[in-house]
Amino acid sequence: MPVDKRYVMRILKSIKIVKTERRPVRVPRVRVKPTTREILRAFEKSRGYEDIIARIPKATTVEGWDKGTQVAYFSVCRKTGSAVWLDLWDCDHFDGFTDMQRSINDCRAWFSHTGYSDWGSAQTATGRVNCYFNAAVAGDYSCVAQLQSYPASSRATVECLIDNHSFGPLPFTGTILQPHFSTLSAGNHHFRIRQMSGAFFFLSLTVYRF
């Protein structure tokens with residue numbers, strides 16, 4: 001389609017050097033495939049643990065999580081099991097830090113928030129992750145989100161949902177493994193992560209059936 005006739009070329013003059021803030025330092029790569037034991041350890045420390053195991057006693061042991069029940073896994077560079085689609089909305093590719101190739105190599109996606117307006121950032125908190133998977137049978141499931149705030153000492157907050165049902169705000173600092181339990185019907189489901197505040201990396205989502 002041709003350029004609209006209302007657009008007219010012109011010569012602009014830019015003779016003042018714009019001061020720009022320092023670009024971020026690259027973050028070391030981390031392991032994005034957690035072990036079941038690491039997930040269980042994080043689960044045991046989470047509020048609500050007693051209520052969950054009263055309903056799902058199998059969740060108290062590694063064997064209860066692991067015996068043929070890992071049904072899907074999502075990361076930027078890999079999907080397994082019944083993982084169908086991984087959709088990333090408004091993630092940020094900052095050259096030399098989280099450019100596209102580096103994000104694939106490091107197997108993670110970055111969602112920025114404040115700062116870097118000198119480099120063109122809109123400073124929004126509109127990041128979204130959608131993990132679409134198939135539940136072969138109806139039952140109890142756990143979707144374990146692995147996230148990392150940036151910088152690691154700062155706080156980020158996201159909202160996690162199963163389909164359109166919210167687990168509520170999830171504030172965190174550093175790298176976390178957070179299980180989210182739900183009772184699902186057989187069929188396809190969405191696990192969603194919505195950025196609320198702060199910058200973070202999406203590392204992975206692992207789905208278990210009990």
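Quick summary incoming for the structure in this document. (Residues numbered from 1 in each chain as written. Predicted model: local features only at pLDDT ≥ 70, side-chain atom pairs only at ≥ 80, totals over all residues. Heavy atoms only, no water.)

1. Focus on a nonpolar patch on the surface
So, point 1. A contiguous nonpolar patch, built from Val3, Tyr7 and Met9 and spanning about 430 Å² of accessible area, is present on the exposed surface.
So, point 2. By the element assignment, Met9 lies in the segment before helix 1 (36–44). (Patch = residues over 30% accessible without salt bridge, like charges linked within 9 Å, V, L, I, M, F, W, Y side chains within 5 Å. Areas by Shrake-Rupley, 256 points an atom, 1.4 Å probe, with all protein chains shown as cover. Salt bridge = Lys/Arg side-chain N within 4 Å of Asp/Glu carboxyl O. Helix = DSSP H or I, 4+ residues; strand = E, 2+ residues; numbered from the N terminus.)

2. So, unusual backbone geometry
With glycine set apart, most residues show a phi of negative sign, and most peptide bonds adopt trans.
So, point 1. Following Tyr150, the chain continues into Pro151 via a peptide bond in cis, with omega recorded as -10°.
So, point 2. Positive phi, normally seen in glycine, also occurs at Asp90, with a value near 60°.
So, point 3. Positive phi, normally seen in glycine, also occurs at Tyr116, with a value near 65°.
So, point 4. For Tyr116, a relative accessible area of 15% translates into the label buried. (Buried < 20%, exposed > 50% of the residue type's maximum accessible area, 1.4 Å probe, protein only.)

3. Thoughts on the layout of surface pockets
Empty space left among the atoms is revealed by rolling a probe the size of a water molecule over them.
So, point 1. In this model, the largest pocket occupies a volume close to 460 Å³.
So, point 2. Considering the residues around the largest pocket, the lining is formed by 18 residues, among which Ser46, Arg47, Leu170, Gln178 and Pro179 are closest to the centre.
So, point 3. Sorting the residues of the lining of the largest pocket by element identifies helix 1, helix 2 (49–55), strand 8 (165–173) and strand 9 (175–184) as the ones contributing at least two each.
So, point 4. Looking at the lining of the largest pocket residue by residue, the class counts come to 11 nonpolar, 5 polar and 2 charged. (1 Å grid on protein atoms, 1.4 Å probe; cavity = no way out; pocket = protein on both sides within 12 Å on 5 of 7 lines; lining within 4 Å. Points joined across faces, edges and corners; volume = space filled by probe spheres on them. Nonpolar A, V, L, I, M, F, W, Y, C, P; charged D, E, K, R; others polar.)

4. Focus: helix 1
So, point 1. Regarding helix 1, the residues found buried are Thr36, Ile39, Leu40, Ala42 and Phe43. Considered in projection along helix 1, the buried side chains sweep an arc of 165° and stay on one side of the axis.
So, point 2. Against helix 2, helix 3 (62–66), strand 6 (139–150), strand 9 and strand 11 (199–209) lie the buried residues of helix 1. (Arc of directions from axis to C-beta. Contact = heavy atoms within 4.5 Å.)

5. Looking at the sheet that holds strand 7 (residues 155–162)
Strand pairing within a sheet occurs via backbone hydrogen bonds; the two strands may be parallel or antiparallel.
So, point 1. Read from one edge to the other, the open sheet built from 5 strands follows the order 3-5-10-7-8, with strand pairing classed as antiparallel. Two strands close off the open sheet at either side, each with one partner strand: strand 3 (83–89) and strand 8. Averaged over all adjacent pairs, the angle separating strand axes in this sheet is 20°, with direction ignored.
So, point 2. Pairing of strand 3 with strand 5 (residues 128–135) involves 6 bridges; the strand directions are antiparallel. Paired with Asp87 across the strands is Asn130, a residue of strand 5. (Pairing = 2+ DSSP bridges. Axes fitted to C-alpha atoms, helices over the stretch in contact; angles between N-to-C directions.)

6. Structural notes on empty space enclosed by the protein
So, point 1. Considering all chains together, one arrives at 1 cavity of 30 Å³ or more under this definition.
So, point 2. Of the residues assigned to the lining of the largest cavity, the class counts are 3 nonpolar, 2 polar and 3 charged.

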